[in-house]
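Listed here are the chains, written in short residue letters.
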Number of protein chains: 2
Amino acid sequence: MTKASGRRSRRPTMVDVAREAGVALSTVSRVVNADPTVGAEFARRVQTAIDTLGYRPDEQAQQLRRGTSRTIGVAVREMSARNPLMAEFERGAYASGLTVFAASTADDEERERAVVLSMARRGFDGVLVEPIGPDHSYLAPEMAAGLAVVAIDRPIAGPATDAVLADNAAGIRMAYRQLADHGHTSIAYIGDHERIFTARERADAFRACLRADGRPVTGMVHPGETEQARISEALRAVLSTESPATALVCGNVTTTFGVLTHLAAEVPRDRRPALVGFDDFPLAGLLDPPMTVIAQDSPAMAHAALELMTARLAEPERGPEWVTVPVRLVARGSGERAPVR
Amino acid sequence: MTKASGRRSRRPTMVDVAREAGVALSTVSRVVNADPTVGAEFARRVQTAIDTLGYRPDEQAQQLRRGTSRTIGVAVREMSARNPLMAEFERGAYASGLTVFAASTADDEERERAVVLSMARRGFDGVLVEPIGPDHSYLAPEMAAGLAVVAIDRPIAGPATDAVLADNAAGIRMAYRQLADHGHTSIAYIGDHERIFTARERADAFRACLRADGRPVTGMVHPGETEQARISEALRAVLSTESPATALVCGNVTTTFGVLTHLAAEVPRDRRPALVGFDDFPLAGLLDPPMTVIAQDSPAMAHAALELMTARLAEPERGPEWVTVPVRLVARGSGERAPVR
DNA sequence: ATGCTTTGAGAAAACGTTATTTTCGCGTTA
DNA sequence: TAACGCGAAAATAACGTTTTCTCAAAGCAT
């Protein structure tokens, strides 16, 4: 209360505490960090000074001095979208005493770079990133300087990092198998653009399924932008041939929604194809028919990511590791319908 | 390359650049900050040194020194859940040259405190917070020290802050009116627990609607936990009286999902009540019947929040301001069904 | 008593910046 | 020619911590 004459009160600092308690600055630091070499009487005096002043250490200065922040950043395409993985990861990290801050890359390569670099230059110890573009060489110097990088959902092109991936190929095979087992012989795939790693893996796996079954590939695989117009177009192409597809595999949730929207609007209920979607979503069970999906194991993926992250933080020189997490089929009805016609 | 003998390379710092360019530390700083008083030749030399070394300023040290970070934090209940508001806010902030980092409070009061305090002590300039508990007095010293606080979705109890709220009461009135206009005379409400501000506002508004219509309130308003069991119980109570409700207003998305789940499992299609839900959600239009909802204007709310935030950053002493954003009714079918029986 | 370790606190240097002050070279003016 | 002013670079002092070093006092054995 001595010199704070201005309206705006400054945050109390260690120096203030030291003055209040009548001890040296370094003694305050030792008390704050529970250094056992500080005497009981001194500790008490400092503690009361801390309490009366409402002192809180400045984490920024701490980190600058310590060179570590116990903070890890999450750079993900969309924070806002349903992203159970991030929630799981955050929970786990919190339990390990790590702070997690997230920022979204908005599916923009340049933005990802800016976000991740900003995290690195703020002293974040690690970054969990859902990589966007084909070039991640900007990460190399940061990693050399000690930034722990774990890729999620897709691997990072360029420097070798840890990665957690879903078993996309197995998921597609399960979807295909389920439809084939229910009598479908003409199965088509509609998915995301193949510039995206997961979309590429899934489309490739689907083509492999067709080939393994001795069925024609041409005209049955439709990757592309996830806009309604493109999806509707693909659907029309697939459903209006002389021997139309009786079943569909959707490559991701956006595609699934687009397909459902199109079918609801333009295809009579009793002529709709059987459907299996990649990725589960809320309400999937309340649709008519309930939606059969390939569900990713978000908790397991988050757990794996956290494991990799903490392992790398502890031992920065370890070799990069990839973890592939199994997926599972959730049969709800849409994928178990018999072929129409 | 002179002394970096260890495997792990240090990030280059201003001192390194200064040494490389053969100038003083402060000259490097001036070049980095585009100070016009630096000579062309010096600027060039420093710039090449920066490029060859790959120097990037340490934002942490910058912020410590500058006392400002142009960073604002978002503390929201669930980052992972669909939260279009946050996405909008982030986009706008990015356009204004602000960095946004988000952390989730997991609906836990203590966690909120930890997260927000951590943001403050890291030098974040502002915090957008979706407040949890009844006591936010911990914010007072931070605000006194200059932290800009904007509450979203609910006001903050304790220190007076800016806030952006949805017009909950008007939304409930629109929902009630829509159902009444379609012939319903027995309308019930199921919603979230009234410890939550929005739930309280909505339940209160619904009671007011009943009273204004001269209808009994008892037994028609069911706020509570959003667990399936509680919701099912409320539904049974409301639907199994001698004059059962023919229409329902759901107080939030979770409740809506719970109600839909219960109805799908236990009530034959032709005996289901009309439904209006608070908050829109994806796939609402693909349900059977398509779901009528009260939709919040997330972009408008995000925009308002950003306005308040920037205004406060610019002028910390301005009076707190509350902005109420209108909602709108999206009629899709479920709220326009005539009463059964 | 003397010397030697131990304990515990203070002083000061660092972390990587930016802001302020000092210094210096040089052209201008009296 | 000396004083002056000015532009531009160098030096230095912060920002709020942690950590290393120093050093006085106390404890203990000889």
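For every chain, the first residue of the written sequence is number 1, and numbering continues from 1 onward in sequence order. Written order determines the labels here, with chains lettered from A and ligands numbered from 1. Reporting of local features is limited, given that this is a predicted model, to residues whose pLDDT is at least 70; pairs of side-chain atoms are given and counted only at 80 or more, and all residues count toward the totals for whole chains, interfaces and linings. The side-chain quantities take in all heavy atoms of the structure and omit both hydrogens and water.

1. Some details on the protein's contact with DNA strand C
Within the structure, DNA strand C sits among 25 residues, and A:Thr27, A:Gly39, A:Arg65, B:Met14 and B:Arg65 are positioned closest to it. Of everything in DNA strand C that lies within 4 Å of the protein, sugar and phosphate atoms constitute 65%. N or O atoms closer than or at 3.5 Å make up a polar contact, with two conditions inside protein: a donor-capable atom paired with an acceptor-capable one, and, for residues adjacent in sequence, both atoms drawn from side chains. At a separation of 2.9 Å, a phosphate oxygen of DNA strand C approaches a polar backbone atom of A:Gly39. Within the side chain of B:Asn33, a nitrogen or oxygen atom sits 3.4 Å from a phosphate oxygen of DNA strand C. Strands here mean DSSP runs of E at least two residues long; helices mean DSSP runs of H or I at least four residues long; both are numbered from the N terminus. Elements with a minimum of two residues in the surface near DNA strand C: α2 (25–32) and α4 (59–66) of chain A together with α2 (25–32) and α4 (59–66) of chain B. It is α4(B) that contributes the most residues to the surface near DNA strand C, four residues altogether. Across the surface near DNA strand C, the residue classes tally to ten nonpolar, nine polar and six charged. Any residue with at least one heavy atom within 4 Å of a molecule or strand is counted as near it. We call Asp, Glu, Lys and Arg charged. Ala, Val, Leu, Ile, Met, Phe, Trp, Tyr, Cys and Pro are nonpolar, and the rest, Gly among them, are polar.

2. Focus on the relation of the copies chain A and chain B
Alignment of copies: least-squares fit on C-alpha atoms of residues with pLDDT of at least 70 in both copies. In screw terms, the move from chain A to chain B is a rotation of 180 degrees and a rise of 0.1 Å along the axis, fitting with an RMSD of 0.1 Å. Taken together, the turn and the small shift mark the pair as related by a two-fold rotation axis. A symmetric contact is evident, with 100% of the interface residues of chain A recurring at the interface of chain B. Whether two residues touch is decided by their heavy atoms; if any such pair falls within 4.5 Å, the residues are in contact.

3. Comments concerning the protein's contact with DNA strand D
Neighbouring DNA strand D are 25 residues; A:Thr13, A:Met14, A:Arg65, B:Thr27 and B:Arg65 lie closest to it. For DNA strand D, the fraction of protein-proximal atoms (within 4 Å) that sit in sugar or phosphate groups is 62%. For DNA strand D, a phosphate oxygen lies 3.0 Å from a polar atom in the backbone of B:Gly39. The contact in question runs from a base nitrogen of DNA strand D to an N or O atom on the side chain of B:Arg65, over 2.5 Å. Counting only elements with at least two residues in the surface near DNA strand D, the list comes to α2 and α4 of chain A together with α2 and α4 of chain B. Top element by residues in the surface near DNA strand D is α4(A). It accounts for four residues. The residue inventory of the surface near DNA strand D, partitioned by class, reads ten nonpolar, nine polar and six charged.

4. Quick notes on the pairing of strand β3 (residues 126–129) of chain A
All names here are of chain A. By the alternation rule, side chains of β3 split into Gly126 and Leu128 and Val127 and Val129, which are all buried. DSSP bridges decide pairing: two strands pair if at least two such bridges lie between them. Pairing of strand β1 (residues 71–76) with β3 involves four bridges; the strand directions are parallel. When the sheet's bridge partners are listed, isoleucine 72 is paired in β3 with glycine 126. In terms of strand pairing, β3 meets strand β4 (residues 148–152) through four bridges, oriented parallel. Along β4, the bridge assignment pairs valine 127 with valine 149. Handedness of the crossover joining β3 and β4 through helix α7 (residues 139–144): right-handed. Using a 1.4 Å probe on the protein chains alone, a residue whose accessible area is under 20% of its type maximum counts as buried, one over 50% counts as exposed, and one in between counts as partly exposed. For a crossover, the right-handed case is the one in which the path from the first strand over the helix to the second runs clockwise, viewed with the strands pointing away from the viewer.

5. Concerning the sheet that holds strand β10 (residues 292–296) of chain B
Strand pairing in a sheet relies on backbone hydrogen bonds. The paired strands run either parallel or antiparallel. Residue and element names in this part refer to chain B. The strand order β7-β6-β8-β9-β10-β12 describes an open sheet built from six strands, whose pairing is mixed. At either end of the open sheet lies a strand with only one pairing partner, and these are β7 (221–223) and β12 (327–330). Within the sheet, the average angular offset between the axes of one strand and its neighbour, ignoring direction, is 15 degrees. Direction of pairing for β10 relative to β12: antiparallel, over a ladder of four bridges. Note on geometry: axes are lines fitted to C-alpha atoms, helical ones only across the stretch in contact, with angles between N-to-C directions running from 0 to 180 degrees.

6. Quick notes on the domain arrangement of chain A
These domain boundaries are the output of an automatic or database domain assignment. Here chain A is described as being made up of domain 1 (14–57), domain 2 (69–165 + 298–325) and domain 3 (168–297). Relative to domain 2 of chain A, the C-alpha centre of domain 1 of chain A lies at a distance of 37 Å.

7. A word on the interface of chain A and chain B
If you look at the interface, chain A gives 58 residues, while chain B gives 58 residues. Taking both sides of the interface into account, the surface hidden between chain A and chain B amounts to around 5,300 Å²; carbon and sulfur atoms contribute 51%. Here, a salt bridge means any side-chain nitrogen of Lys or Arg that lies within 4 Å of a carboxyl oxygen of Asp or Glu. Inspection of the region where chain A meets chain B yields eight salt bridges. Close ionic contact of A:Glu142 with B:Arg11 constitutes a salt bridge, the shortest N to O distance being 2.8 Å. For the pair chain A and chain B, the interface holds 13 residue pairs in polar contact (both at pLDDT 80 or more). A quick way to say it: buried area is the sum, across both parts, of accessible area lost when two parts are put together, with a 1.4 Å probe.

8. What to know about the environment of A:Asp51
Inspection of the secondary structure assignment puts A:Asp51 in helix α3 (residues 40–53). By relative accessible area, which is 54% here, A:Asp51 ends up exposed.

9. Topic: the side chain of B:Asp162
Residues and elements named next belong to chain B. Note that aspartate 162 resides in strand β5 (residues 162–166). Reaching out from aspartate 162, the side chain makes a polar contact with the backbone nitrogen of glutamate 321 at a distance of 2.8 Å. If sequence neighbours within four positions are ignored, aspartate 162 has contacts with Val149, Val150, Ala151, Leu308, Arg312, Arg318, Gly319, Pro320 and Glu321.

10. Regarding the sheet that holds strand β6 (residues 187–191) of chain A
Residue and element names in this part refer to chain A. Taking strand neighbours across the sheet as the criterion, the six strands line up as β7-β6-β8-β9-β10-β12 in an open arrangement whose pairing is mixed. The open sheet is flanked by β7 (221–223) and β12 (327–330), the only strands paired with a single partner. Neighbour-to-neighbour, the strand axes of the sheet open up by a mean angle of 15 degrees, direction not taken into account. As paired strands, β6 and strand β8 (residues 247–250) are joined by four bridges and run parallel to one another. Bridge pairing in β8 places isoleucine 187 opposite alanine 247. Where helix α11 (residues 253–266) meets the sheet, its contacts fall on β6, β8 and β9 (274–278), and the angle it forms with β9 comes to roughly 155 degrees.

11. Things to note about unusual backbone geometry
Residues and elements named next belong to chain A. Cis geometry marks the peptide bond from aspartate 288 to proline 289, where omega comes out at 0 degrees. Summarising the element assignment, proline 289 is placed in the loop between β9 and β10 (292–296). One non-glycine residue, leucine 283, lies in the positive phi region at around 75 degrees. Relative to the assigned elements, leucine 283 resides in the loop between β9 and β10.

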